Amino acid sequence: MNNLLAIINRQKAFSTATFGPGPRDAGLIDHIKKELQEIEDAPGDLEEWIDIIILGIDGAWRNGHDPGEIVLALNRK
């Protein structure tokens, strides 16, 4: 659990520095759609699946959920 929290915090810092603050929902949704197409083209490519996970986490914190909440929600799910 602590490792996942560290990963989310690191990704949050990277994403904020790279793309700026705020929800960015339209951009995230568009990027997820592109990644889904890449998965359809190469379903065995682990990196493409991880891209979807990262984008989902990015969307969650950008919409007001702190990293601890995200970890708890993943554990519940």
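Once that is clear, we can look at the side chain of Glu-35. As for its position among the elements, Glu-35 is in helix 2 (residues 25-41). Among buried Asp, Glu, Lys and Arg side chains, Glu-35 stands out as unpaired, with Lys-34 the closest opposite charge at 8.7 Å. Residues in contact with Glu-35, not counting those within four places in the same chain, are Glu-48, Asp-51, Ile-52 and Leu-55.

A few words now on helix 2. Relative to the 24 Å expected for 17 residues at 1.5 Å per residue, helix 2 spans 24 Å between its end C-alpha atoms, a close match to the ideal helical length. Taken as a whole, helix 2 has its buried residues at Leu-28, Glu-35 and Ile-39. All buried residues of helix 2 project into a common sector of 50° when viewed along the axis, lining one side. Turned more than 90 degrees off the buried face of helix 2, the exposed positions are Ala-26, Lys-33, Glu-40 and Asp-41.

Moving on, we come to the environment of Ile-57. Note that Ile-57 resides in helix 3 (residues 46-62). Take Ile-57: its relative accessible area is 12%, and that puts it in the buried class. The spacing of Ile-57 and Thr-16 is 41 residues in sequence and 13 Å in space, taken between C-alpha atoms. Ignoring sequence-local partners within four residues, the contact set of Ile-57 consists of Ile-8 and Ile-70.

Our focus in this paragraph is unusual backbone geometry. Positive phi is not limited to glycine here, since Arg-24 has a value of about 55°. Tracing the chain through its elements places Arg-24 in the loop between helix 1 (2-19) and helix 2. The class for Arg-24 is partly exposed, based on a relative accessible area of 43%.

What follows deals with the nonpolar core. Counting 5 residues, the largest nonpolar core consists of Ile-8, Ile-57, Trp-61, Ile-70 and Val-71. For this core, the elements supplying multiple residues, two or more each, are helix 3 and helix 4 (67-76). Look past the residues within four positions of Ile-70 in its chain and what remains in contact with it is Ile-8, Ile-57, Ala-60, Trp-61 and His-65.

The rules we used
- Residues numbered from 1 in each chain as written.
- Predicted model: local features only at pLDDT ≥ 70, side-chain atom pairs only at ≥ 80, totals over all residues.
- Heavy atoms only, no water.
- Helix = DSSP H or I, 4+ residues; strand = E, 2+ residues; numbered from the N terminus.
- Buried < 20%, exposed > 50% of the residue type's maximum accessible area, 1.4 Å probe, protein only.
- Lys, Arg positive; Asp, Glu negative; His and termini not counted.
- Salt bridge = Lys/Arg side-chain N within 4 Å of Asp/Glu carboxyl O.
- Contact = heavy atoms within 4.5 Å.
- Expected span 1.5 Å × (residues − 1).
- Arc of directions from axis to C-beta.
- Core = buried A, V, L, I, M, F, W, Y, C linked by side-chain atoms within 4.5 Å.

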